[in-house]
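# Tertiary structure, described
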Amino acid sequence: MNALADPLLSGGVTWAVLLIVLIKVVLAFAVVMIAVMLMVWFERKAISDMQSRIGPQRWGPFGILQTLADGIKLFFKEDIIPAEADRVVFKAAPYLVLIPALVTFSIIPVGGTVTIAGHTVQLQVANPPVGILVMLAMSGLSVYGVMLAGWSSGSKYPLLSSVRASAQMISYEAVLGMTIVTVAMASGSLTTRDIVDAQARGVWHWNLVHLGVVPFVIFLIAITAESNRPPFDVVEAESELVGGYNTEYSSIRFALFFLAEFMNTVTASAMIVTLFLGGPAGWAPHVAYLRWIFPILWFIGKTTALAFTYVWFRGALPRLRYDQVMELGWKRLIPLSLGWLLIVAGFMVKIAYGFAMAAAVIFAGTLLSRAFEIGAQRGPDAVLSPVGDRPVSEENIREYFDDEDDSETPRGEK
Amino acid sequence: MLALTTTWPDLLVFITAAALIVVGALGVISLTNPVHSALSLIITLFGVALSFLEQSADFLAAVEIIVYAGAIVVLILFVIMYLGVDRHPHDEVEPLVGQRVFAALGALVTVGGIITLMAKSHWVTGVMSASMNGTSLSSGQGEITQLGQSVFTTYLVAFEVTAALLIIAVLGAVQLARRDRESEVEQ
């Protein structure tokens, strides 16, 4: 067990190593920015095709520079801060969304290893021992940006949106964590590099197949909900909440939110590729100077395929109602991911234990669904009703308003 | 203890972490807006996580961020937002007469106690740090394995009792919330 999982840093930190790390950071930043630019264009173009529209077409070939044009436009627009806003928090919130989105990308392995000036360099910005937990920590922190953006706007729709967002993101974080435990158990490590290496031996070793398809599906749904993407975008449901937590934002601050959202999409695709599709694993030719580039191409290809899946979700699925989102998270995905975790653990110890666990999970699942059924049958009075219920009962409200209308009898004499 | 074995990067990280912790903690008690105080608490938690990292407790650092910064302070903010922020705090009114004096005394006793404990024994509790067979936890991957092993063997009872305690708390909260609701329906 070496102290640091990164071979670059294990031989002591010299100026050359420091320079390599710096180059990696700058390069990763540039790659993410370009990827986000392309992602925005790709999403708009693909959605347009699905909806029989043309989409962006003016700037650059196939409108590929549209995002750049939009960025420049937003940059020169007037920056408005509402009078009711909490100024410090209002200004900080966009960065609180952007920075976690950026940091998450740093642990994703985009390729194998290359040798630069005698140093073995992993093609990822960092490979910390806690690995995948960095992603959980960052998704936990990105809640703040959304939550504080809504609160600090001093406006009610953004506040409603931010309360929804934080509840939703915290709920789905639990699902994400549970699925990641399954992956980490199969790989025997938390570092993203080890997780990818464990899947490198072929398609049958990819966690997608290796763990059964269920964790992959759960993770895909959960991370879509975690990044507030359609069909889970109740956070910015236009018909209910005007535009969500960033309603009051304009100019470059709005652009930062927009950037972070698409950055999250790119990172989420890359994270699924890392955890379930073997990351940069794939066929590579036996030519020495071509060998390093093929993993990168595989990684880009897989990530693009998943990014398309997200766009497809947006084009194909209607938005869920808020209570449906929460029910899916707490009543379906969390029990399912827990159960699957137990089954996988059982199979890892002994096949017989695996089947025993599966039987136990099926039994518990039946009990649980029966409990949900009974709970649903008790009617709206016994179960906390989902939406639109007043905290004060109808009678009390009526009494209050009747009093106000009835100006002849003062309230005290009743 | 500190100065003998540290190198200058270690010292730099320690100073940064300590500064974050102290500045954050001062912010929590001195800022008038409760939301700002909660945000200040996050700075403190980051400082704590940084000092964990510096002592090669990577897993603890990650958990510190995930659980405390990622969930608990979010819940604190939730409560503050639901209750509404009081923009004009009544600082001059003391609900308990002389509470400031007592608070200062309490702080003094706590800090004094901690310093005395630290001076006299190995750590705050006076017990050696959690480890297998007296050896310190190694960093990196081994750390998580060793932590898992000690939690599920040596400290199993404490671990399970904590889990039970948390479940009881959740059940209690559900019961309280539900009873309120039912009595309201019956009215």
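Because the structure is a prediction, the values reported are computed rather than measured.

### Regarding the overall build of chain B
If you tally the helices and strands in chain B, you get seven helices and zero strands. The buried share of chain B, taken over its 187 residues, is 18%. Taking the contacts inside chain B whose residues are at least 6 apart along the sequence as the reference set, 45% of them involve residues at least 24 apart.

### A few points about the overall build of chain A
What chain A contains, in helices and strands, is 15 helices and two strands. Counting only residues that meet the buried cut, chain A has 40% of its 414 residues in that class. Of all intrachain contacts in chain A linking residues separated by at least 6 positions in sequence, the fraction that spans at least 24 positions is 75%.

### Let's talk about the packing of helix α2 (residues 8–30) of chain B against helix α3 (residues 34–54) of chain B
Residue and element names in this part refer to chain B. At a minimum axis distance of 7 Å, the contact between α2 and α3 shows a crossing angle of 160 degrees. It follows from the interaxial angle that α2 and α3 lie roughly antiparallel. The element α2 and its partner α3 pack so that their crossing is left-handed. Residues D10, V13, F14, T16, A17, L20, I21, V23, G24, A25, G27 and V28 of α2 lie in contact with α3, whose contacting residues are S37, S40, L41, I43, T44, F46, G47, V48, L50, S51 and E54.

### A short note on the domain arrangement of chain A
Residue and element names in this part refer to chain A. Assigned domains within chain A: domain 1 (67–107 + 130–349) and domain 2 (350–403). Just the C-alpha atoms count here: the centres of domain 1 and domain 2 sit 28 Å apart. At the interface, 10 residues of domain 1 touch 14 residues of domain 2. Of the residues that constitute the side of domain 1 that touches domain 2, the class distribution is six nonpolar, two polar and two charged.

### Considering the environment of Y95 of chain A
Residue and element names in this part refer to chain A. Along the chain, Y95 turns up in helix α4 (residues 87–105). Given 13 C-beta atoms within a 10 Å radius, Y95 is considered partly exposed. Taking C-alpha positions, Y95 is 32 Å from P61, a pair spaced 34 residues apart along the chain.

### Points about helix α6 (residues 156–187) of chain A
The end-to-end C-alpha distance of α6 of chain A is 46 Å, a good match for the 46 Å that 32 residues give at a rise of 1.5 Å each. One or two steps after α6 of chain A, the chain reaches G188 of chain A, where phi turns positive at roughly 70 degrees.

### Let's talk about unusual backbone geometry
Residue and element names in this part refer to chain A. Omega for the bond connecting P230 with P231 falls within 30 degrees of zero, at 5 degrees, which places this linkage in the cis form. Residue placement: P231 occurs in the loop between α9 (213–226) and α10 (238–241). Positive phi outside glycine occurs at S52, with the angle close to 55 degrees. With respect to the helices, strands and loops of the structure, S52 is situated in the loop between α2 (15–50) and α3 (66–75).

### Here's the deal with the nonpolar core
Judged by nonpolar contacts, the single largest core of 112 residues is most densely connected at A222 and I272 of chain A. Beyond its immediate sequence surroundings of up to four residues, A222 of chain A is in contact with Y172, V175, L176, T179 and L333 of chain A.

### Let's talk about the packing of α9 of chain A against helix α13 (residues 322–349) of chain A
Residues and elements named next belong to chain A. At a minimum axis distance of 11 Å, the contact between α9 and α13 shows a crossing angle of 150 degrees. On the basis of the axis angle, α9 is roughly antiparallel to α13. The way α9 lies across α13 gives a crossing that is left-handed. Here V214, P215, I218, I221, A222 and A225 of α9 come into contact with α13, specifically with V325, G329, L333, L336, S337 and W340. Tallied by class, residues from the contact of α9 with α13 come to 10 nonpolar, two polar and no charged.

### Observations regarding the environment of A38 of chain B
Residue and element names in this part refer to chain B. Position of A38 among the secondary structure elements: in helix α3. Look at A38 and you get buried, because 23 C-beta atoms sit within 10 Å. Spatially, the C-alpha atoms of A38 and I144 are 30 Å apart, while their sequence positions differ by 106 residues. Dropping the residues within four chain positions of it, A38 is found in contact with V73, I76, L77 and I80.

### Some remarks on the confidence of the model for chain A
The predicted coordinates ought not to be read in detail in places where the model reports low pLDDT. All names here are of chain A. Here chain A shows a mean pLDDT of 82. Residues at 70 or above account for 88%. The element-level mean pLDDT for chain A is lowest in helix α15 (residues 394–405), coming to 61, with α9 highest at 90. Segment residues 406–414 is flagged for pLDDT under 50; beyond a separation of four residues in sequence, or across chains, it makes two contacts in the model.

### What about the environment of I170 of chain A?
Tracing the sequence through the fold places I170 of chain A in helix α6. Between the alpha carbons of I170 of chain A and F62 of chain A there is a distance of 39 Å; along the sequence they are 108 residues apart. Dropping the residues within four chain positions of it, I170 of chain A is found in contact with V143 of chain A together with A71 and V74 of chain B.

### Let's talk about the confidence of the model for chain B
All names here are of chain B. Mean pLDDT for chain B: 77, with 73% of residues reaching 70 or above. Mean pLDDT across the elements of chain B ranges from a minimum in helix α1 (residues 2–5), with 48, to a maximum in α3, with 89. Low pLDDT, under 50, characterises residues 128–135; the stretch is placed with nine contacts to residues that sit more than four places away or in other chains. Two summary scores accompany this predicted model of the complex, namely pTM at 0.81 and ipTM at 0.75.

Rules behind the numbers
Residues numbered from 1 in each chain as written. Chains lettered and ligands numbered in written order. Predicted model: local features only at pLDDT ≥ 70, side-chain atom pairs only at ≥ 80, totals over all residues. Helix = DSSP H or I, 4+ residues; strand = E, 2+ residues; numbered from the N terminus. Buried ≥ 20, exposed ≤ 12 C-beta atoms within 10 Å, placed from the backbone. Contact = placed C-beta atoms within 7 Å. Axes fitted to C-alpha atoms, helices over the stretch in contact; angles between N-to-C directions. Parallel < 35°, antiparallel > 145°, perpendicular 65-115°, else oblique. Left-handed = near helix turned anticlockwise from the far one by under 90°. Domains from an automatic or database assignment. Nonpolar A, V, L, I, M, F, W, Y, C, P; charged D, E, K, R; others polar. Expected span 1.5 Å × (residues − 1). Core = buried A, V, L, I, M, F, W, Y, C linked by C-beta atoms within 7 Å. pLDDT = per-residue confidence, 0-100.

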